[in-house]
Each structure stands twice: as C-alpha cells, then as structure tokens.
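Single-letter residue listing:
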Amino acid sequence: MGEKARELAGKNVEKVLEELNRAYADEWLAFYQYWVTAKVLEGRFAGHVAGELKRLAMEELEHADELADRIVQLGGRPLAHPKHWLERSTCGYKEPAQDARDLDAAIRATIDGERCAISVYRKLADMTRESDYVTFQLIQHILEEELEHEDTFENLL
Ligand SMILES: [Fe+2]
Ligand SMILES: [Fe+2]
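Note that the coordinates shown come from a computational prediction; the quantities given were computed from them, not determined experimentally.

Rules behind the numbers
- Residues numbered from 1 in each chain as written.
- Chains lettered and ligands numbered in written order.
- Predicted model: local features only at pLDDT ≥ 70, side-chain atom pairs only at ≥ 80, totals over all residues.
- Helix = DSSP H or I, 4+ residues; strand = E, 2+ residues; numbered from the N terminus.
- Rg over C-alpha atoms; globule rule 2.2 N^0.38 Å.
- Buried ≥ 20, exposed ≤ 12 C-beta atoms within 10 Å, placed from the backbone.
- Contact = placed C-beta atoms within 7 Å.
- Expected span 1.5 Å × (residues − 1).
- Axes fitted to C-alpha atoms, helices over the stretch in contact; angles between N-to-C directions.
- Parallel < 35°, antiparallel > 145°, perpendicular 65-115°, else oblique.
- Left-handed = near helix turned anticlockwise from the far one by under 90°.
- Nonpolar A, V, L, I, M, F, W, Y, C, P; charged D, E, K, R; others polar.
- Core = buried A, V, L, I, M, F, W, Y, C linked by C-beta atoms within 7 Å.

Engineer: Mind laying out the overall build of the protein, listing which residues take part and the relevant values?
Structural biologist: Within the protein, the regular secondary structure consists of 6 helices and 0 strands. Going from N to C terminus, the protein has its helices and strands arranged as α-α-α-α-α-α. For 157 residues, the compact-globule estimate of 2.2 N^0.38 gives 15 Å, and the protein sits close to it at 16 Å. Counting the 157 residues in the protein, one finds 36% classified as buried. Here the analysis covers contacts within the protein between residues at least 6 apart in sequence; of these, 77% occur between residues at least 24 apart.

Engineer: Help me get a handle on helix 5 (residues 103-128), residues and values and all.
Structural biologist: With 26 residues, helix 5 should reach 38 Å at 1.5 Å per residue; the first-to-last C-alpha distance of 37 Å fits that figure. On the buried face of helix 5, the contacting elements are helix 2 (13-40), helix 3 (46-73) and helix 6 (133-154).

Engineer: Any details on the packing of helix 2 against helix 5? Residues and values, ideally.
Structural biologist: Contact geometry of helix 2 with helix 5 gives a least axis separation of 11 Å together with a crossing angle of 165 degrees. Taken together, the axis directions place helix 2 and helix 5 in an arrangement best described as roughly antiparallel. In terms of crossing hand, the pair formed by helix 2 and helix 5 is left-handed. In contact with Val16, Glu19, Ala23, Asp26, Ala30, Gln33, Tyr34 and Thr37 of helix 2, helix 5 contributes Ala106, Thr110, Gly113, Ala117, Val120, Leu124, Met127 and Thr128. Class assignment for the residues of the contact of helix 2 with helix 5 results in 9 nonpolar, 5 polar and 2 charged.

Engineer: Outline the packing of helix 3 against helix 5, supporting the account with residue identities and numerical values.
Structural biologist: Following both chains from N to C, one finds helix 3 and helix 5 inclined at 20 degrees, their axes separated by 11 Å at the closest point. Comparing their axes, helix 5 and helix 3 come out roughly parallel. Judged by the sense of rotation from one axis to the other, the crossing of helix 3 with helix 5 is left-handed. In contact with Ala46, Val49 and Leu53 of helix 3, helix 5 contributes Leu103, Ala106, Ile107 and Thr110. Here the residues of the contact of helix 3 with helix 5 are counted per class, giving 6 nonpolar, 1 polar and no charged.

Engineer: Describe the nonpolar core, and please don't skip the residues or the numbers.
Structural biologist: Core analysis: the largest hydrophobic core is formed by 38 residues, its most contacted members being Leu20, Tyr24, Val49, Leu53, Leu67 and Ile71. Those elements that provide at least two residues to this core are helix 2, helix 3, helix 5 and helix 6. Per element, the largest residue contribution to this core is 12 residues, and it comes from helix 2. Leave out the neighbours within four places in its chain, and Val49 touches Leu41, Leu103, Ala106, Ile107 and Leu156.

Engineer: I'd love a proper account of the environment of Trp35, names of residues and values included.
Structural biologist: Residue placement: Trp35 occurs in helix 2. Taking the C-alpha atoms as reference points, Trp35 and Val134, separated by 99 residues in sequence, lie 30 Å from one another. Aside from chain neighbours lying at most four places away, what touches Trp35 is Lys54 and Ala57.

So, to be careful, I would describe these as geometric facts and stop short of saying anything about function.
Printed below as a string of structure tokens:
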C-alpha cells in the first residue's frame, strides 16, 4: 500500500476502492465472456468477429491488470476469488448463445457489455475527477478504450 497514494486519493478512498473492485470483477467477466465466445463461434463470418472479440478480451484483461495495481496502491485487495466476481459485478456475465452460428447474439451481447462498462467508468470518473487525479487518469484511459470497443461492435451489426 502507498501511504501517500491513499492520502492523495482523499476522503472517499474506501468508496473508490469498492467501485474499483466492482469494475475489476466486470473486467474479468468481460474478458472470459469475449474469450470463450471467440472460441465457440462458427460460420462463414465467424473468423472476423472472433478476431475482434479476442482483441477486446485481451484489452479487458489489461484493464483488470491496471485496476488491480491501482487497488493495491490504494491499500485495497483485488477480489481474489472468482465467485466474488459474479456477486460484485455491475455488468454481469452473458453466456454465449447455444447456437454457435448466432453471430448477431454475440455482437449484441458485446455491445451491451461495453455500454454497461461505459456507464461504470463514467460513474468512477465523476467520483475521482476532483479528489483522486491518478485514479481519474486511469479511468479516463480505460473509458476511452471501452468507447472504442462499443464503436467497433456497433459497426459489426
Ligand atoms: Fe474493460
Ligand atoms: Fe471493453
């Protein structure tokens, strides 16, 4: 834990840690949802969608990594058991459709996930803008990537 990091993060650091951990849960679930969806998709245009899903999955994993580092810097502990991911997640988990050829379902589930992530990070940006500049910068960086993800998948519809 960084003592100065905590001090700089201001009075609402516990509330920020709570929300960072919720976002951390969302990122792991998004990573796995996109990764496993990419694995199971089939059909003529599946390759392109799967490639994009895999790219997003790796970026969500990177977000989880960045959030974990910030949580530790602030004296918190990243949710260390997967069962807590579903319990604490805001955006939840959407299992891939049984029909492996249903690209539309995969694309729509991804857009829903990205829109949810965008609202999570907007809330975190509002919470940290005035009080915790370092967390705010990280959130802004993640938010930019979530906006790009939404756009990419809207264009696949
Ligand atoms: Fe993400
Ligand atoms: Fe994303």
